[in-house]
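Structural overview
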Amino acid sequence: MAMALLRSEFNRLKDWAPRDHSQDKPKAEDHVKEMYSLGKIGGKFYFNPVVTFFSFGGVWAIVIWAMAAQGSAARKTWDAQVWVTDIWAWLYMITQNVWIVVLFYLLFKHYNLKLGKDDDKPEFSDGAYFAMLFSCGVATGLWYFSAEAMWHYEGYGTPRWMDEKMFNMNTRAEHAVMVTFFHWGLHGWIPYTVVGALIAILSYRRGFPMSMRFTMYPLIGEMVYGILGDMIEILSILCTIFGVCTSLGLGAMQINKGMVRLDRGTYLGKDYIGCTGSEGPGDACEGNTGMSEDKGVQICIIIGITLLATASVVMGLKKGIQVLSFVAFGLSVFILISILFMDHTWYILNVLTSSFGYYLWYLPKISFHTDAWEELGAASLGQGGAPDGRGGAAGWMNGWTIFYWGWWISWGPFVGTFLARISKGRKLGHFIIATLILPSIWSFVFLGIMGAAQIRMSNQAISAGLDGTTIATRYGSYADKTAIGWTQSLEDDDGNPYTKWVPVPDSVTRLYWLGTEDVLFEHLSAYGGQGWATFMTVITLICIVLYFITSSDSASFVVDIMAANGVEEPPLLQKIFWAFTEGAAACALLASASEDNPKAALNAVKAIPIILGLPFTFLLFWMCQGLVIVCKEEAGELFIGRRHFETFLLNFEPVTFVSFPFPFLGLGVVAEKVGWCNKIVGIVLYGLAWLVMVVFLCLGAADEAFAYMGAAMYFMLALAAAGLRVATRLKLGISGDMVSDFMACAFALPWAIGQMYAEPFDKQVELPKAVAEITM
C-alpha cells in the first residue's frame, strides 16, 4: 500500500495541473476518494489518518513539552515569536494591504458571483448569519481586550504617541482609540474573508470538499490530494487548536475572576461577603464558598465549557451554534447599549464619530507603519537609534500590531472555513461586506464605547491624584478624601470667584493599574450600587461563557471537517473527540502550572499560533492569488483548462539535482531553447554569475560583508532565471505571472530549473477554442 501511495504522489508530479472536474467529479465525495482515509463516509468513523494522527500527535507533543519545561518553553516560544515579529514585520504590513486592495477589487468587480449554484438560497437569516460569524470570529477576544484603548492611552509598552511634544492628552486619547480600531478593523478580518470566500466558491460552485487544502487548488492543482494537502490541513488544525486552547485558558481565568468577585461580593475594590472585620485595605475576604483564583476552579470551568460546546456541536449548526450565537450577541448588544446610556452618552458618540474619521484619514499611514526607527532601540545601544531619546520604545509594534496580525492570520483557517460553511447561497459582494466591513464597524462601536468610557474614567483618576501605586491611590473608595480630589474654581451669584474642594468619588478607579481580568468588572461597577454591580457581573459572565462556548464548538466543528477530508457532516464520535481534545489540552496546561507563575505553560503555547502564522502568511498570499484566479474563471475571463508547466515545481527531475551544485548548466540549455542565446554562451554567462556568488560567500569567512554580497548576487541570479522562466511561459503559452516566476526562482531555484528543462519545447500544443477566444 505504501508503494502505491508513493507511486500516486510521483504520478501527480507529471499530472498536477488544475482542471475542470465538473464532469468526472461533480460531487465532494468524488474528490474525497482521492485522499487518504480510514472508514466510510456516513459511517461511525471517517477520517484522514495522516492528518488526524500527525495533528493529534503534534498537539500533545507541544502540550507535554510546555508542561514539562514551562519556563524554558515559554522563553523559547517567546524568542521565536520575537524573531517572527522582528524580522517579518514589513511582510505582515505589506501583505495585509495587498489583500485588502484585492478584496475591494473583487467586491466591485465580481459582486454578484454566487457562493453556490445560481439558484441556491442562503441557509441562514442575515441576523443569525452575522451573530454566528461574529461569535466565531472575535467575540471572546473583544471582551478580553475591551480595555485596549485605555491601555494605549496610558502608554502600555511605551508607544510612540506618549511623546508629549508630539501629542497632548486629548490627541493621545484619539490616537489610542484609532489604533484600537486599526487592530480590530478591516485589516484584521481580511484572513477570514479571503479563506472563507475561496472555500465557499470552490465547495459550493465547483463541488470540492470543504477543506483548507483545496484553497491551493488554483495554484498547485492535483497536488492537493496528496501529502502537500495533508501538510496544509495539519498546519491549519494546529493553528486552530492552539488558538482556541489558549483562549480557553485565558477565558477560564477571566471567568474565574468574575465568579470570585460574585462569591466575595467585590465592589469598587472591596470585598463585602465572608469578612471577619480584621482585613486591611485590599485584603480578600472568605466569601460564601471560599472560592479562589486557582487552577482547580479554572479546570472545572474549562470542563464545563467543553461539555457545553460538545453538546452544541452534537446538536448541529441550526439547533446549537446558531441559537447560542443569537443569545450571546443579543446579550452583548444589551450590555453595550447600557454602558452607552449610563456613561456620558453624547461624549461617547462624539468619540466614536471623531475616532472613526481619524481612522479613515490615518489608515493609509498606519497600515504601512512598522516602527522602523523605534525598533533600532535606544541611542546608547549603538545601533542607530534616535539620539534625542524621544518617540516610542522598541518592542511595542511586535507586542501589539504584529502580534495581532499573526493571531488573526493563524485563526484564518478555522474562522474562514466556518464562514464558508454558513455562507452557501450568498453573493460574493454580500459576503465581503458581511465578513469584512460590518464586523469591523461593530468592533469599532464595541471597543469605541468601552475605550471612550474607560479613558474618561482614567482622566478622572489622574486629575484627582490617583496614581495607582498603592491601594489607596488606585481606588477612590480607599482614597484619602482630604488629599485626593479636585479644587474647583467657581463664581457665586454676584460673579465673585471662590474655590471648592471636591473629594474623589468612590466610583473613580485608576483602571490601568488593575489586572487584565479585573478591568472589565470594575469598569461596569462604577455605574451603580453594589446590587446593580452584582447583576451586571452576572450577565457579563453569562455573555462571556456563551461566547467561549460558541468559539469552542465552531472550532471543534471545523477541525473535524478538516480531519475528515472536508466532509461537511463528519461522524458524531469525531466531533466529540476533537472537542474533548481542545478542552483536555487547555486543562493539562493549567494543571501543570506552578503557583508562582500560573500562566507559564499557557504562555508557551500562546505564541504557537503567532509562530505558525508566518507560514500561513505565505499561504494566504497564494490564497488571495487563487481567489482572483477563481473569480476570473467563473466570470469567463480565464479558461480553467489553460496550459500550465507539465512538471510540478517541486519535482524530482534529474536536472533539478544537478542544479543544486551547477544551476548554470540547466539555465544555459533553457536559454537556447527560448531563443535567447547559444547554450554555451548561456552556460558561461550564468556560470560567471554563480562563480561570483560562490567567491563572495567564501570570502565571507574572512569578512562577513562579502557573505551579504554573495546573498545579493544570488538574488540577481534568481532575477535572471525568472526572466528565463517568463520567456519560457510566453514561448509555450503557459499561464502564470512575473511575481510568481521570481518567487519560484528565488526560493526554489533548482526545482524551477528542472521544471523549465523538462518542458517539451518542440511539442506543439493546440489551445482549446475557448482559450483562443479569451486570449484574443
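Above this note sits the structure.
To start, this report covers the structure provided alongside it. (Residues numbered from 1 in each chain as written. Predicted model: local features only at pLDDT ≥ 70, side-chain atom pairs only at ≥ 80, totals over all residues. Heavy atoms only, no water.)

This brings us to the overall build of the chain. Across its full length, the chain holds 30 helices and 4 strands. Expressed as a percentage of the 776 residues in the chain, the buried residues total 56%. As displayed, the chain has an accessible area near 31,700 Å², and 65% of this comes from carbon and sulfur atoms. In the chain, 52 positive and 65 negative side-chain charges are present, and the distance between their average locations comes to 8 Å. (Helix = DSSP H or I, 4+ residues; strand = E, 2+ residues; numbered from the N terminus. Buried < 20%, exposed > 50% of the residue type's maximum accessible area, 1.4 Å probe, protein only. Areas by Shrake-Rupley, 256 points an atom, 1.4 Å probe, with all protein chains shown as cover. Lys, Arg positive; Asp, Glu negative; His and termini not counted. Charge placed at Lys NZ, Arg CZ, Asp CG, Glu CD.)

On to unusual backbone geometry. Leave glycine aside and you will find that most residues have negative phi; peptide bonds, for their part, are mostly trans. For threonine 158, which is not a glycine, the phi torsion comes out positive at approximately 55 degrees. Here threonine 158 is to be found in the loop between helix H7 (148–154) and helix H8 (169–184). You can call threonine 158 partly exposed: its relative accessible area is 38%. Unusually for a residue other than glycine, leucine 268 sits at a positive phi of about 55 degrees.

Turning our attention to the state of the cysteines. In a disulfide, the sulfur atoms of two cysteines are covalently bonded to one another. Using the criterion set out here, one finds 1 disulfide in the structure. Not part of a disulfide, cysteine 624 finds its nearest cysteine sulfur in cysteine 631, a span of 9.9 Å. Owing to a relative accessible area of 3%, cysteine 624 belongs among the buried residues under this scheme. (Disulfide = S-S within 2.5 Å.)

Turning next to a nonpolar patch on the surface. There is a patch of nonpolar side chains on the surface, built from Ile680, Val681, Val684, Leu685, Leu688, Leu691, Val695 and Leu699 and spanning about 700 Å² of accessible area. Examined against the element boundaries, leucine 685 turns out to sit in helix H26 (residues 679–699). (Patch = residues over 30% accessible without salt bridge, like charges linked within 9 Å, V, L, I, M, F, W, Y side chains within 5 Å. Salt bridge = Lys/Arg side-chain N within 4 Å of Asp/Glu carboxyl O.)

All right, on to the nonpolar core then. Buried together is how nonpolar side chains tend to be arranged in soluble globular proteins. With 225 residues, the main nonpolar core has Phe134, Phe418, Ile422 and Met623 as its most contacted residues. Per-element accounting of this core gives the leading share, 16 residues, to helix H20 (residues 530–563). Excluding anything up to four places from it in sequence, methionine 623 contacts Val194, Val195, Leu198, Met212, Thr215, Met216 and Phe616. In terms of nonpolar packing, the next biggest core, distinct from the first, is built from 8 residues, Ala461, Leu466, Ala479 and Val508 among them. (Core = buried A, V, L, I, M, F, W, Y, C linked by side-chain atoms within 4.5 Å. Contact = heavy atoms within 4.5 Å.)

Here we come to the packing of aromatic side chains. Evaluation of the coordinates by the stated rule reveals 49 aromatic pairs. Between the aromatic rings of tryptophan 16 and phenylalanine 648, the centroid separation amounts to 5.4 Å while the plane-to-plane angle is 65 degrees, which identifies the pairing as edge-to-face. Highlighted residues: tryptophan 16 in the loop between helix H1 (2–14) and helix H2 (28–32) and phenylalanine 648 in the loop between helix H23 (608–634) and helix H24 (654–659), separated in sequence by 632 residues. Assigned by exposure class, tryptophan 16 and phenylalanine 648 land together as buried. Here phenylalanine 145 and tyrosine 404 contribute two aromatic rings whose centre-to-centre distance is 5.8 Å and whose plane-to-plane angle is 65 degrees, an arrangement assigned as edge-to-face. Of the two residues, phenylalanine 145 sits in the loop between helix H6 (139–144) and H7 while tyrosine 404 sits in helix H16 (residues 401–410), which places them 259 residues apart along the sequence. Cation over ring: arginine 426 sits above tyrosine 129, and NZ or CZ is 3.9 Å from the ring centre. Looking at lysine 673, its charged tip hangs above the ring of tyrosine 757, at a distance of 4.6 Å from the centre. (Phe/Tyr/Trp six-rings, centres within 6.5 Å; stacked < 30°, edge-to-face > 60°. Lys NZ or Arg CZ within 6 Å of the ring centre and 35° of its normal.)

Let us look at helix H28 (residues 738–747). Listing the buried residues of H28 in full gives Asp741, Ala744, Cys745 and Ala746. Here the buried face of H28 lies against helix H27 (704–732) and helix H29 (749–757). Its side-chain oxygen at 3.2 Å from the backbone nitrogen of valine 739, aspartate 737 defines the N-terminal cap of H28. (Polar contact = N/O pair within 3.5 Å; in protein donor to acceptor, adjacent residues only side chain to side chain.)

Residues in a regular strand point their side chains to alternate faces of the sheet. Where strand E3 (residues 485–491) lies against strand E4 (residues 497–503), 7 bridges are found, and the strand directions are antiparallel. The residue bridging glycine 485 from the neighbouring strand is proline 503, located in E4. (Pairing = 2+ DSSP bridges.)

Glancing now at the pattern of salt bridges. A complete count under the given rule lists 28 salt bridges for this structure. Here lysine 14 makes a salt bridge to glutamate 653, at a shortest N to O gap of 2.9 Å. One end of the pair, lysine 14, is in helix H1; the other, glutamate 653, is in the loop between H23 and H24, with 639 residues separating them in the sequence. Exposure remark for lysine 14: the relative accessible area of 48% places this residue in the partly exposed category. Here glutamate 569 and arginine 421 are joined by a salt bridge, their closest N and O atoms 3.7 Å apart. With a gap of 148 residues between them, glutamate 569 in the loop between H20 and helix H21 (572–591) and arginine 421 in helix H17 (residues 412–421) connect regions that are remote in the sequence.

It is worth spelling out H16 at this point. Within H16, 10 of the 10 residues are buried, which leaves it mostly tucked inside the rest of the structure. Taken together, the buried positions of H16 are Thr401, Ile402, Phe403, Tyr404, Trp405, Gly406, Trp407, Trp408, Ile409 and Ser410.

Our next topic: a negative patch on the surface. The grouping of Glu491, Asp492, Asp493 and Asp494 at the surface amounts to a negative patch. Looking at where glutamate 491 falls in the secondary structure, it is placed in strand E3.

Take the side chain of arginine 729 next. Following the sequence through the fold, arginine 729 ends up in helix H27. Using a relative accessible area of 7% as the deciding quantity, one classes arginine 729 as buried. Setting aside anything within four residues of it in sequence, one finds arginine 729 in contact with Phe645, Ile734, Ser735, Gly736, Asp737, Met738 and Asp741.

Geometrically, a packed helix pair is captured by the angle between its two axes and the distance between the axes. The interhelical angle for the contact between helix H4 (residues 70–109) and H16, taken along N-to-C directions, is 70 degrees, at an axis separation of 9 Å. Taken together, the axis directions place H4 and H16 in an arrangement best described as roughly perpendicular. As for the relative orientation of H4 and H16, their crossing is left-handed in sense. The residues of H16 that touch H4, namely those facing Gln81, Thr85, Ala89, Tyr92, Met93, Gln96 and Trp99, are Thr401, Ile402, Phe403, Trp405, Gly406 and Ile409. Looking at the contact of H4 with H16 residue by residue, the classes come out as 8 nonpolar, 5 polar and no charged. (Axes fitted to C-alpha atoms, helices over the stretch in contact; angles between N-to-C directions. Parallel < 35°, antiparallel > 145°, perpendicular 65-115°, else oblique. Left-handed = near helix turned anticlockwise from the far one by under 90°. Nonpolar A, V, L, I, M, F, W, Y, C, P; charged D, E, K, R; others polar.)

Packing of helix H5 (residues 126–137) against helix H18 (residues 428–464) leaves a shortest axis separation of 11 Å and a crossing angle of 65 degrees. Here H5 lies roughly perpendicular to H18, going by the angle between them. Both H5 and H18 take part in a crossing whose hand is right-handed. Here Tyr129, Phe130, Leu133 and Phe134 of H5 lie close against H18, whose contacting residues are Phe431, Ala434, Thr435, Leu438, Pro439, Trp442 and Ser443.

Remember, this is a structural readout, not a statement about activity or role.
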